[in-house]
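Structural description and commentary
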Amino acid sequence: MKGDLLTYGLLALTTIVLLVKWLKPSPSSLPHIPALTPTAPILSLYGTYRFLVDNKGLMQEGYAKYKGKAFKVAEIFRWHVMVTGPKMVEEIRKAPDDVLSFDDATRQTLQVDYTLGSNVYYNPYHIPIVRTTLTRNLPILFPEVRDEIKEAFNEIIPPTNDWVAYPAVDNMMKIVCRTSNRIFVGLPKCRDPDWMKLNVQFTIDVVVGAFKIGMFPPFLRPLAARLFTNVPNSIDRGLKHLGPMIRHRRKMMEEYGKDYDNKPNDFLSWLMDDAEGEEQTERALVLRILTVNFAAIHTSSQSFTHALYRLAANPEWILPMREEVERVVKADGWTKLAMQKMRKVDSFMKESQRYYGLGALSMTRLALKDFTFSDGTFIPEGTFVSAVAMPMHHDDDYYSDGEVFNPWRFSEMRDEDGEGLRHQMVSTGSEYIPFGHGKHACPGRFFAANELKAMLAHVVVTYDVKFEKEGVVPDPFWAASANAPNLSAKVLFRKRQD
Ligand code: HEM
Ligand SMILES: *[C@@H]1O[C@H](CO)[C@@H](O)[C@H](O)[C@H]1NC(C)=O
C-alpha cells in the first residue's frame, strides 16, 4: 500500500516534470543535426514511440537518408545522435575515453549506480580478467567447456530417432548458462537450477529496472531504484550459493598457501586473487560474478539462437559443417586448436552476427567534452552518440548481396585472402561491429566465439535440425534497439540419421 502510494506519487511528479520539459524548447536539442523524428513539443513523443517499437525501421530509414553522416532521434529525456558508416565508426573508435566515454554511457544506460553498483564503474577490475586471464586459459579449459556442452545437450535435448520440438530460447539459455558458469564458478554449482535461474533473471531485472528508473527524472531516480530493482535480494540469493565456496577457498588458501593443490581454475578464483579493499567482501564478489554473467549469458545465448534458427530454416547447411567438424576433430580432437581450424563453423557464426547481431546500434558513447567529427558534425558535451550497426551490416557497399545470408561468406573470404585471421569471428572492423570495435570491443568475445562454435559443432555432428515450416526464420522480437530471437519458436531435433 505504502509502495503503491509512493509509485503514484513518483509517476505524478514525473508527468509534471516531463510536461514542463516537452513544452519548453530544450537547450540540448542540437539544432544543427538533422532530426529523423518530429522536434516539436509533445510531437517529439512520436519519435520516442518509434524508437521503442519500430527501432529497426527507424534506423534503416535514417541510414538510407543520411548515410555517411549523422542524424538524431528523440528518446525520453534527450536526443540521441546516430552516426552512420565505417568512417564515423572509426572516429568513435579513435576518440579518447575522456571525450567519448563508453563507461559513462553504460553507467547511464544501465543505471549502473542503482543496478550493478557504482564499483563496476569506479573499479572495473573484472574486465582485464575477462580480456586476459580468461582468454589465456581457453586452451586449458577447453575440455571443461566441451564436457559441459555435451552433458547439457544430452540432458536437455536427448538424441532421439523421431523428431522432437524444443522451444529454443529457454533451452539454449540453459545450455549457455551452464557452460559459461562451468568456467565462472565450476562444478557442481554451474548445474544448480537455482543458481542458473538467478543469473538468467538477474540480467532481466537489471535491464528492465534500468529502463524503468530511466523513465524518471534524475533527481527521482534514487527513489525509483528502491521500488524497481531487486539487486540486494539477488545478492542475498547469490550469497547462499557462493558464500560457502568463497569461505572454503579462503580457508584452503590460509592453510595451504595462495596456490594450493587443486585450487579451482575458474573466474571466481581469479576474482578472489585480484580483488582489493571492499571488493574482497563476499557480497562484492557475488555481485561481480552476477555482473560477468550479465555481460555474458544473454548476449551469447541470443547470438546462438539466431544462428540455430537460421540453420533450422536451411538444414542443407548442416552437412558441410558436419564434414568439416569430423575432419578437424579426427586430426586434433575436441580442442581449442580444433575450434580455430573450423572455418565454416566460424563463418556461419560470424555471418549470423552480421545478419542478426544483437540489435540496430553499437558503440554507444557519452560525450564528456565537446567533440567534432571530421565532416563537421558537432557533438556537445552531454550528448549520447551511437553507431548504426544493422543497416551497415546489410549494406551492399560493404557486403556483396548484404541482404542475403551467405553462411560461407567469411570462410570464402579467408580462402581467397590467403590469410587466416582478418575474417574470423572474433575480428572486429569499422564495417563489422557486432562486438563493437577498438579499445572497448567486447573483451569476452574470444570466450564467446569459442563456446558458441563448440556448441554449433556439437549440434551439427549430433543432430539433424529443422523447423516445422521449412525455409522461414520466425520473426525476431525487437525491444527498442535490441534484436532478440523469436521467443516462442520451436526447433525440431532428432539424432542425426547419416
Ligand atoms: C556473442 C556474445 C557477445 C556479444 C555479441 C557481445 C557484445 C558486446 C558489445 C557490443 C560490447 C560493447 C562494445 C562497444 O561498445 O564498443 C561488449 C562489451 C563487453 N562485453 Fe561482451 N558480448 C558477448 C559476450 C560476452 C561474454 C561471454 C563476456 C564475458 C565473459 C562479455 C563481457 C563484456 C564486457 C565485460 C564488456 C565491457 C567492456 C568494457 O567495459 O570495455 N561479453 N560486448
Ligand atoms: C514469433 O514468430 C511468429 C511467426 O513468425 C510471429 O508471428 C510472432 O509474433 C513472433 N513472436 C515473438 C514474441 O517473437
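Residues numbered from 1 in each chain as written. Chains lettered and ligands numbered in written order. Predicted model: local features only at pLDDT ≥ 70, side-chain atom pairs only at ≥ 80, totals over all residues. Heavy atoms only, no water.

**Section: the environment of glutamate 470**
Here glutamate 470 shows up in the loop between β9 (463–466) and β10 (477–479). Glutamate 470 sits in the exposed class, given a relative accessible area of 55%. With 423 residues separating them in the primary sequence, glutamate 470 and glycine 47 have C-alpha atoms 37 Å apart. (Helix = DSSP H or I, 4+ residues; strand = E, 2+ residues; numbered from the N terminus. Buried < 20%, exposed > 50% of the residue type's maximum accessible area, 1.4 Å probe, protein only.)

**Examining the coordination of the iron atom of ligand 1**
Ideal values differ by geometry: the angle at a metal is 109.5 degrees with four tetrahedral donors, but 90 or 180 degrees with six octahedral donors. Only one protein atom coordinates the iron atom of ligand 1: Cys442 (SG), located 2.2 Å from the metal. With respect to the helices and strands, cysteine 442 occurs in the loop between α19 (409–417) and α20 (445–462). (Donors = N, O, S within 2.8 Å, 3.2 Å for Na, K, Ca; no water.)

**A word on a nonpolar patch on the surface**
Side chains of Tyr46, Tyr49, Leu52, Val53, Phe211 and Met215 sit close together on the surface and give an oily, nonpolar patch of about 590 Å² of accessible area. Here the element with the most residues in the nonpolar patch is helix α2 (residues 44–53); it accounts for four residues. Note on placement: tyrosine 46 falls in helix α2. (Patch = residues over 30% accessible without salt bridge, like charges linked within 9 Å, V, L, I, M, F, W, Y side chains within 5 Å. Areas by Shrake-Rupley, 256 points an atom, 1.4 Å probe, with all protein chains shown as cover. Salt bridge = Lys/Arg side-chain N within 4 Å of Asp/Glu carboxyl O.)

**A closer look at unusual backbone geometry**
Backbone torsion omega between leucine 187 and proline 188 reads -5°, so that peptide bond is classified as cis. For proline 188, the position within the fold is in the loop between α9 (168–184) and α10 (193–214). Even without a glycine there, the phi angle at aspartate 401 is positive, about 50°. The topology assignment puts aspartate 401 in the loop between α18 (390–393) and α19.

**Some words on the site of ligand 1**
Residues in contact with ligand 1 amount to 24 residues; listed here are only the nearest, Phe102, Ile127, Arg365, His440 and Cys442. At 3.0 Å, a side-chain N or O of arginine 365 approaches an oxygen atom of ligand 1. Ranked by residues supplied to the shell around ligand 1, first place goes to helix α14 (residues 282–313) with five residues. Among the residues making up the shell around ligand 1, the classes are represented as 16 nonpolar, seven polar and one charged. (Near = heavy atom within 4 Å. Polar contact = N/O pair within 3.5 Å; in protein donor to acceptor, adjacent residues only side chain to side chain. Nonpolar A, V, L, I, M, F, W, Y, C, P; charged D, E, K, R; others polar.)

**Some thoughts on the packing of aromatic side chains**
With the rule as written, the count across this model stands at 20 aromatic pairs. Ring centres of phenylalanine 410 and tyrosine 432 lie 5.9 Å apart, and the angle between their planes is 75°; on these two criteria the pair is classed as edge-to-face. Taken together, the residues span a long stretch of sequence, with phenylalanine 410 in helix α19 and tyrosine 432 in the loop between α19 and α20 at a distance of 22 residues. Tyrosine 432 shares its class with phenylalanine 410; the two are buried. Among the aromatic residues, those joined into a cluster by ring pairs are Trp317, Phe348, Tyr355, Tyr356, Phe405 and Trp408. The residue whose ring lies beneath arginine 78 is phenylalanine 384, and the NZ or CZ to ring-centre distance is 3.9 Å. (Phe/Tyr/Trp six-rings, centres within 6.5 Å; stacked < 30°, edge-to-face > 60°. Lys NZ or Arg CZ within 6 Å of the ring centre and 35° of its normal.)

**Considering the sheet that holds strand β5 (residues 361–367)**
Strand pairs in the sheet, formed through backbone hydrogen bonds, run parallel or antiparallel to each other. The strand order across the open sheet formed by five strands is β1-β2-β8-β5-β3, and the pairing between neighbours is mixed. A strand with exactly one partner marks an edge of an open sheet, and here the two such strands are β1 (70–74) and β3 (100–101). Along the sheet, α2 makes contact with β1, β2 (79–83) and β5, crossing β1 at roughly 100°. Across the face of the sheet, helix α3 (residues 55–66) comes into contact with β1, β2, β5 and β8 (384–388) while running at roughly 150° to β1. (Pairing = 2+ DSSP bridges. Contact = heavy atoms within 4.5 Å. Axes fitted to C-alpha atoms, helices over the stretch in contact; angles between N-to-C directions.)

**Overview of the sheet that holds strand β4 (residues 164–167)**
The strand order across the open sheet built from three strands is β4-β12-β9, with neighbouring strands paired in antiparallel fashion. Sheet topology places β4 and β9 at the edges, where each strand pairs with a single neighbour. Across the sheet, the mean angle from the axis of one strand to that of its neighbour is 35°, orientation sign disregarded. For β9 and strand β12 (residues 490–495), the ladder comprises four bridges, and the chain directions are antiparallel. Paired with tyrosine 463 across the two strands is lysine 495, which belongs to β12. Running over the sheet, α9 touches β4 and β12 and is turned about 75° from β4. Docked against the sheet, α20 engages β9 and β12, running at close to 100° with respect to β9.

**Looking at α10**
Side chains three or four residues apart in an α-helix point the same way, a direct result of the helix having 3.6 residues per turn. Compared with the 32 Å implied by 1.5 Å per residue over 22 residues, the 32 Å span of α10 between its first and last C-alpha is a close match. Within the sequence span of α10, burial applies to Trp195, Met196, Leu198, Asn199, Phe202, Thr203, Val206, Gly209, Ala210, Ile213 and Gly214. As for α10, its buried residues are in contact with α5 (102–109), α9, α11 (221–228), α12 (231–256) and α14. Near the N-terminus of α10, the side chain that reaches the backbone nitrogen of aspartate 194, with its oxygen 2.9 Å away, is that of aspartate 192. (Expected span 1.5 Å × (residues − 1).)

**Focus: the pattern of salt bridges**
In this structure the tally under the stated criterion is 34 salt bridges. Residues lysine 341 and aspartate 332 are paired through a salt bridge, measuring 3.1 Å at the closest nitrogen-oxygen approach. Its relative accessible area of 40% is what places lysine 341 among the partly exposed residues. A relative accessible area of 21% means that aspartate 332 is categorised as partly exposed. The salt bridge partner of arginine 343 is aspartate 415, with a shortest N-O separation of 3.2 Å.

**Details of the pairing of β8**
Along β8, five of the five residues are buried, which leaves the element largely enclosed by surrounding structure. Pairing analysis gives four bridges linking β5 to β8, with the strands arranged antiparallel. Note on β8: the bridge partner recorded for serine 362 is alanine 387.

**A look at helix α17 (residues 343–355)**
Taking 1.5 Å of rise per residue, 13 residues should cover 18 Å, and α17 covers 18 Å from first to last C-alpha, within 8% of that figure. Judged by how many residues are buried, α17 sits mostly within the fold: 11 of 13 residues are covered. Inspection of α17 places Val345, Asp346, Ser347, Phe348, Met349, Lys350, Glu351, Ser352, Gln353, Arg354 and Tyr355 among the buried residues, and these make up the whole buried set. Tucked inside the fold, the buried residues of α17 contact α14, α15 (318–332), α18, α19 and α20.

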